[in-house]
Amino acid sequence: MSVKHFLTLQDLSSNELNHIIRRAEELKKNPGLAVAQPRKTLGLIFEKSSTRTRLAFEVAMNQLDGSTVFLANADSQLGRGEPIEDSARVLAGMVDCVAIRTFAHEKLQRFAAYSSVPVINALTDDFHPCQLLADVQTFVEHRGSISGKTVAWVGDGNNMCHSYINAADKFDFQLKIAAPEGFEPNADLLNTHKSRVQLSRNPKSAVQDADLVVTDVWASMGQEEEQNQRITSFAGYQVNEELMSLAQSDALFMHCLPAHRGEEVSASVLDAADSVVWDEAENRMHSQKALIEFLLTP
Ligand code: CP
Ligand code: NVA
């Protein structure tokens, strides 16, 4: 049987994804139900910074009686140019699963092509599927099924936005994106999912009647030098109380974090009662634990 990877949400069926969400909620309520993974090791290759994703994998694996090995770019041979294809085969000989956070999505795909153990996308420039497991779990926890709901994405057409497009397809919701000119999501991806996704330049129309409003930083990791220019380009795209007032009265607010209060989101929205960002962050651990259980249990 070919090995199952989790590079984007498209790697799993809707049934499999919904199973992981249900399981994440089950394990949150009753951690003792988890299928232990003794003597199993998860390798973590991170070429970008992380708090939540790394913590979630390390804590989840620990609670599953397995272990993790963290490889930072600066002090592994990968960082000195050892071919990704060679590194993939070396790791697969010693660990049972690998999670990778890197820049080019293509690098992750090449690693996975040479890996005989499951590879998980811990964030690339193009996608962040683990975050979507936590986001959907959090929505379900607070409001029930996300199927048939309307989600508004306000801001950059980035890795998170791309994973929201995939999620609209897999979890059956409508996605209304408002992004400024030059910062739209990938056109091919949009086109593939055009029955579920609408793109506009208007944050107000995107959030109209939305059940969930989501945003993310204006400059992602690797774009730090564009930060000042982007603040100008994204003027008018801040999620603030005025914008939230156009959504459904019980609309939730999410942000994958870290957030920049006063830029993409006002402090009053991030810290409001309808903001579920802390549950969203905690659910990274429960959903990644459910993902590991799914990938590692025969
Ligand atoms: N949301 C998220 O992926 O956070 P980290 O960058 O801290 O892992
Ligand atoms: N879009 C952000 C997400 C961080 C979790 C980034 O890539 O930096």
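Relevant structure appears above.
> So what exactly am I meant to see when it comes to the site of ligand 2 here?
In the vicinity of ligand 2, the contacting residues are L123, N158, N159, D216, S220, M221, C256 and L257. A distance of 2.6 Å is found between a nitrogen atom of ligand 2 and a side-chain nitrogen or oxygen belonging to D216. In this structure, an oxygen atom belonging to ligand 2 sits 2.8 Å away from a main-chain N or O atom of M221. Protein chains shield 94% of the accessible area of ligand 2, which is 270 Å² for the free molecule.

> Any chance you could explain the site of ligand 1 here in plain terms?
By nearness alone, every residue bordering ligand 1 is listed as S50, T51, R52, T53, R101, H128, Q131, C256, L257 and R284. Side-chain polar atom of H128 to an oxygen atom of ligand 1: 2.8 Å apart, as the coordinates give it. With respect to ligand 1, the side chain of R284 contributes an N or O atom lying 3.1 Å from an oxygen atom. Classifying every residue of the shell around ligand 1 gives two nonpolar, five polar and three charged.

> Explain the nonpolar core to me, please; I cannot follow it from the model alone.
Side chains of nonpolar character tend, in soluble globular proteins, to be buried together. Within the largest apolar cluster, 56 residues are counted, with the highest numbers of intra-cluster contacts made by F6, Y164 and L175. Counting residues per element, this core draws most heavily on helix α6 (residues 159-171), at seven residues. Among residues more than four places away in sequence, those in contact with Y164 are L132, D135, V151, W153, F173, L175, L212, V214 and M254. By size, the runner-up hydrophobic cluster in this structure holds 23 residues, among which are F183, A210, V239 and A247.

> It is not clear to me how the sheet that holds strand β3 (residues 97-101) should be interpreted in this structure. Could you clarify?
Sheets are built from strands paired through backbone hydrogen bonds, the pairs being either parallel or antiparallel. Strand order in the open sheet made by the four strands is β2-β1-β3-β4, with parallel pairing throughout. Across the chains shown, the open sheet's two edge strands, defined by having one partner strand only, are β2 (67-72) and β4 (119-121). Shown here is a sheet whose adjacent strand axes are inclined to one another by a mean of 20°, direction ignored. Against the sheet, helix α4 (residues 105-113) engages β1 (41-46), β3 and β4, with an angle of about 170° to β4.

> Can you help me understand helix α5 (residues 129-143) in this one?
Relative to the 21 Å expected for 15 residues at 1.5 Å per residue, α5 spans 21 Å between its end C-alpha atoms, a close match to the ideal helical length. Among the 15 residues in α5, 11 count as buried, and that is most of the element. The positive-phi residue at the C-terminal boundary of α5 is G144, with phi of around 85°.

> Whenever I open this one, the sheet that holds strand β7 (residues 197-200) confuses me. Can you help?
Strand order across the open sheet formed by five strands is β7-β6-β5-β8-β9, with parallel pairing between neighbours. Two strands in the sheet have a free side with no partner beyond their single neighbour: β7 and β9 (252-255). Shown here is a sheet whose adjacent strand axes are inclined to one another by a mean of 20°, direction ignored. Pairing of strand β5 (residues 150-154) with strand β6 (residues 174-178) involves five bridges; the strand directions are parallel. The partner of A152 across the bridge, within β6, is K176. Along the sheet, α5 contacts β8 (212-215) and β9; its crossing angle with β9, the most-contacted strand, is approximately 160°. The strands touched by α6 within the sheet are β5, β6, β7, β8 and β9, with β6 carrying the most contacts at an inclination of about 155°.

Thresholds applied
- In every chain, residue numbers begin from 1 and rise along the written sequence.
- By the order in which they are written, chains take letters starting at A while ligands take numbers starting at 1.
- A pLDDT threshold of at least 70 governs which residues receive local features in this predicted model, and a stricter bar of 80 or more applies before side-chain atom pairs are shown or counted, although totals over entire chains, interfaces and linings include all residues.
- Think of the side-chain values as coming from all heavy atoms in the structure, minus any hydrogens and water.
- For this description, a residue counts as near a given molecule or strand if any of its non-hydrogen atoms is within 4 Å of it.
- Any pair of nitrogen or oxygen atoms within 3.5 Å is treated as a polar contact; in protein, a donor-acceptor pairing is required on top of that, and neighbouring residues in sequence qualify only through side-chain atoms on both sides.
- Using a 1.4 Å probe, the Shrake-Rupley method yields the accessible areas, and only the shown protein chains count as cover for residues.
- In this classification, the charged set is Asp, Glu, Lys and Arg, the nonpolar set is Ala, Val, Leu, Ile, Met, Phe, Trp, Tyr, Cys and Pro, and all remaining amino acids, among them Gly, are polar.
- What is meant by a nonpolar core is a set of buried Ala, Val, Leu, Ile, Met, Phe, Trp, Tyr and Cys residues, joined one to another through side-chain atoms within 4.5 Å.
- Only protein chains enter the calculation, and the probe is 1.4 Å; a residue is then buried if its accessible area is under 20% of its type maximum, exposed if over 50%, and partly exposed in between.
- Helix numbering and strand numbering both begin at the N terminus, where a helix is a DSSP run of H or I of at least 4 residues and a strand a DSSP run of E of at least 2.
- Contact between two residues is taken to exist if any of their heavy atoms lie within 4.5 Å; hydrogens are not considered.
- Being paired, for any two strands, means DSSP has found at least two bridges between them.
- Convention adopted: a line fitted to C-alpha atoms gives each axis, helices being fitted over their contacting stretch, and angles between N-to-C directions are expressed from 0 to 180 degrees.
- For a helix, the expected span equals 1.5 Å multiplied by the residue count minus one.

So yeah, pure geometry; function would need other evidence.
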